[in-house]
Amino acid sequence: MANEATLVIIKPDGLKKSLTGNILSRLAETRLKIIASRVLQVDEKLAVRHYEHLKNEPFFPDLIKYIMGDMHGENRVMALIYFGPDAISKVRQIAGVTNPEKADPVSVRGAYGRILTTGLFENVMHASSSPDEAEREIKLWFEPEEIAYELYPYQETILNAYKKKVWK
Ligand code: UDP
Ligand code: MG
């Protein structure tokens with residue numbers, strides 16, 4: 001079993017329903033390591049890049065609103081990277097399949113997800129589905145310095161005129 005990294009996102013409905021602790025406990029069963037975590041507000045640019053492979057789907061505009069928190073008055077998500085043997089399939093197993101009504105009832109999506117009247121699957125958490133997808137997503141959500149493990153090659157660069165928030 002090869003070591004893999006996978007991106008988990010606890011979506012706005014997961015935070016709104018106070019499921020963070022529950023989901024982290026379930027994921028702890030895998031004995032995988034958390035190597036990064038952050039709580040953030042998802043802006044439209046990140047939302048669209050994360051779901052760009054679905055941009056032609058009829059539910060895409062709703063999906064973007066959903067991950068940005070517009071449907072829950074809750075604009076936070078929690079993003080984590082899990083690392084270890086077979087991480088992608090182990091985490092997908094705990095998440096359950098995409099459609100919460102078809103998901104195993106003891107999976108996170110099966111237990112806590114729902115289908116909106118619009119048809120959108122509100123399914124509590126995201127989990128990467130392949131090593132290539134995991135790498136693409138992890139590089140979108142995390143900088144090298146935010147990860148407590150050297151996952152992918154990086155380079156050091158000097159940035160000029162780089163706008164950044166610093167404490168007053
Ligand atoms: N989704 C949906 N209807 C669909 C397929 C996907 O509402 O028929 C939403 C759902 O929230 C899902 C997300 O779009 O989690 C991303 O879709 P994907 O096919 O990547 O499923 P996942 O990898 O999340 O299981
Ligand atoms: Mg997917």
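Bear in mind that the values here come from a model prediction, so they are computed numbers and not experimental data. (Residues numbered from 1 in each chain as written. Chains lettered and ligands numbered in written order. Predicted model: local features only at pLDDT ≥ 70, side-chain atom pairs only at ≥ 80, totals over all residues. Heavy atoms only, no water.)

(A) How the structure looks around the overall build of the protein chain. Check the secondary structure of the protein chain and you find 7 helices and 6 strands. Of the regular secondary structure in the protein chain, the N- to C-terminal order runs β-α-α-β-α-α-β-α-α-β-β-β-α. Taken over C-alpha atoms, the radius of gyration comes to 16 Å for the protein chain, in line with the 15 Å a tight globule of 168 residues would show. A principal-axis box enclosing the C-alpha atoms of the protein chain has dimensions of 50 × 35 × 35 Å. The buried share of the protein chain, reckoned over its 168 residues, is 45%. Taking as baseline every contact in the protein chain between residues at least 6 positions apart, the subset at least 24 positions apart corresponds to 72%. Carbon together with sulfur atoms contributes 51% to the accessible area of the protein chain, which is approximately 10300 Å² in total. Between the centroid of the 23 positive side chains of the protein chain and the centroid of its 23 negative side chains there is a distance of 4 Å. (Helix = DSSP H or I, 4+ residues; strand = E, 2+ residues; numbered from the N terminus. Rg over C-alpha atoms; globule rule 2.2 N^0.38 Å. Buried < 20%, exposed > 50% of the residue type's maximum accessible area, 1.4 Å probe, protein only. Contact = heavy atoms within 4.5 Å. Areas by Shrake-Rupley, 256 points an atom, 1.4 Å probe, with all protein chains shown as cover. Lys, Arg positive; Asp, Glu negative; His and termini not counted. Charge placed at Lys NZ, Arg CZ, Asp CG, Glu CD.)

(B) Just helix α2 (residues 20-28), in detail. Looking only at α2, the buried set comprises Thr 20, Ile 23 and Leu 27. When α2 is viewed along its axis, its buried side chains cluster within an angular range of 70° and face the same direction. For α2, the secondary structure elements touched by its buried residues are β1 (3-10), α1 (12-16), β3 (76-85), α5 (87-95), α6 (108-112) and β6 (125-127). (Arc of directions from axis to C-beta.)

(C) Just the packing of aromatic side chains, in detail. Counted under the stated rule, the structure contains 1 aromatic pair. Centroid distance Phe 83 to Tyr 149: 4.4 Å. Interplanar angle 40°. Geometry classified as tilted. You can see Phe 83 sitting in strand β3 and its partner Tyr 149 sitting in the segment after α7 (131-141), a full 66 residues away along the chain. The positively charged end of Lys 139 is found above the aromatic ring belonging to Tyr 152, 4.9 Å away from the centroid. (Phe/Tyr/Trp six-rings, centres within 6.5 Å; stacked < 30°, edge-to-face > 60°. Lys NZ or Arg CZ within 6 Å of the ring centre and 35° of its normal.)

(D) Geometry of the pattern of salt bridges. Inspection of the entire model under this criterion finds 8 salt bridges. Between Glu 29 and Arg 26 there is a salt bridge whose closest N-O contact spans 3.2 Å. Glu 146 is the partner of Arg 38 in a salt bridge, and the nearest nitrogen-oxygen pair spans 4.0 Å. Linking Arg 38 in strand β2 (residues 33-41) with Glu 146 in the segment after α7, this pair joins segments that are 108 residues apart in sequence. A relative accessible area of 28% means that Arg 38 is categorised as partly exposed. The network of salt bridges with shared partners includes Lys 17, Arg 114 and Glu 122. (Salt bridge = Lys/Arg side-chain N within 4 Å of Asp/Glu carboxyl O.)

No statement about biological role is implied by the geometric values presented.
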